[in-house]
Amino acid sequence: MPPPTPSDKYTLTVLDVGWESSQLFCQDSWVTQTVLDAPQVVLVTSATVPGLRRLEGVLHLLSEHTDAVIAVVGPPRRRWPRHVRHSLGAKAKEADQRGHLVDVPQDAALASRGLDSSPLPSHVLASVTKVFKALDLSTSTEGTP
């Protein structure tokens, strides 16, 4: 994947932190370089203790390189079990205070069938809008990120 050019209207890098992120940071590859060179990254994780622990590790590894917006897939935070709420680390809490932590509702149909030609559910689109706002991306119809 070639690096973005200054003429690109939107550039967005999304990193799913559900896999072992040390693989990304312990080797030199185009994926590593793309993530480290990105001015902003969207980190996606699950609303689970392991998901939030992996998130905190990635935030520490990325903190010197890029600004991150976090998309947490699962129930709204008010419905997280206490042990999940308490596993939110210091870096994630800082991101939350900046408005950079966004709840993304789990959609069973979307999770089972994946992306296809069907429109995204409105509750998922509302979360995507929040991510765009946190990234300071325009949500107008002038361009598509």
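The rules behind the values
Residues numbered from 1 in each chain as written. Predicted model: local features only at pLDDT ≥ 70, side-chain atom pairs only at ≥ 80, totals over all residues. Heavy atoms only, no water. Helix = DSSP H or I, 4+ residues; strand = E, 2+ residues; numbered from the N terminus. Buried < 20%, exposed > 50% of the residue type's maximum accessible area, 1.4 Å probe, protein only. Contact = heavy atoms within 4.5 Å. Areas by Shrake-Rupley, 256 points an atom, 1.4 Å probe, with all protein chains shown as cover. Axes fitted to C-alpha atoms, helices over the stretch in contact; angles between N-to-C directions. Parallel < 35°, antiparallel > 145°, perpendicular 65-115°, else oblique. Nonpolar A, V, L, I, M, F, W, Y, C, P; charged D, E, K, R; others polar. Salt bridge = Lys/Arg side-chain N within 4 Å of Asp/Glu carboxyl O. Core = buried A, V, L, I, M, F, W, Y, C linked by side-chain atoms within 4.5 Å.

(A) How the structure looks around the overall build of the protein. For the protein, the helix and strand inventory stands at seven helices and four strands. Element order for the protein, N to C, with α for helix and β for strand: β-α-α-β-α-β-α-α-β-α-α. A buried classification covers 36% of the 145 residues belonging to the protein. Put simply, 72% of the contacts in the protein that link residues at least 6 apart link residues at least 24 apart. For the protein, the accessible area works out to roughly 8,800 Å², and carbon and sulfur atoms hold 55% of it.

(B) Just the packing of helix H3 (residues 49-62) against helix H5 (residues 90-97), in detail. At a closest axis distance of 8 Å, the pairing of H3 and H5 adopts a crossing angle of 80°. Taken together, the axes of H3 and H5 lie roughly perpendicular to each other. Only Ala90, Lys91 and Ala92 of H5 make contact with H3, whose side of the interface consists of Leu55, Glu56, Leu59 and His60. Of the residues that constitute the contact of H3 with H5, the class distribution is four nonpolar, one polar and two charged.

(C) Structural detail: the pattern of salt bridges. All told, the structure shown has four salt bridges when counted by the stated rule. We note a salt bridge from aspartate 103 to arginine 77, for which the minimum N-O separation is 3.3 Å. Of this pair, aspartate 103 sits in strand S4 (residues 101-104) while arginine 77 sits in the loop between strand S3 (67-73) and helix H4 (82-85); the two residues are 26 residues apart in sequence, bridging distant segments of the chain. Classification of aspartate 103 as partly exposed rests on a relative accessible area of 21%. Overall, the relative accessible area of 24% leaves arginine 77 in the partly exposed class. Arginine 113 is the salt-bridge partner of aspartate 116, the closest N and O atoms lying 2.9 Å from each other. Connected through shared salt-bridge partners, Arg77, Asp96 and Asp103 make up one network.

(D) Broad picture of the environment of lysine 91. You can see lysine 91 is positioned in helix H5. Judged by relative accessible area, lysine 91 falls into the partly exposed class, the value being 24%. Excluding anything up to four places from it in sequence, lysine 91 contacts Glu56, Leu59, His60 and Ser63.

(E) Spatial organisation of the nonpolar core. Counting 22 residues, the largest nonpolar core has Leu43, Leu55, Leu59, Ile70, Trp80 and Ala92 as the members making the most contacts within it. At the level of secondary structure, the elements contributing two or more residues to this core comprise helix H2 (30-37), strand S2 (40-46), H3, S3 and H5. Per-element accounting of this core gives the leading share, six residues, to H3. Residues in contact with alanine 92, not counting those within four places in the same chain, are Leu55, Glu56, Leu59, Ile70 and Leu101. Core analysis: the next-biggest nonpolar cluster, separate from the first, contains eight residues, Val42, Ala71, Val104 and Ala134 among them.

Any functional reading would require information beyond the geometric quantities listed.
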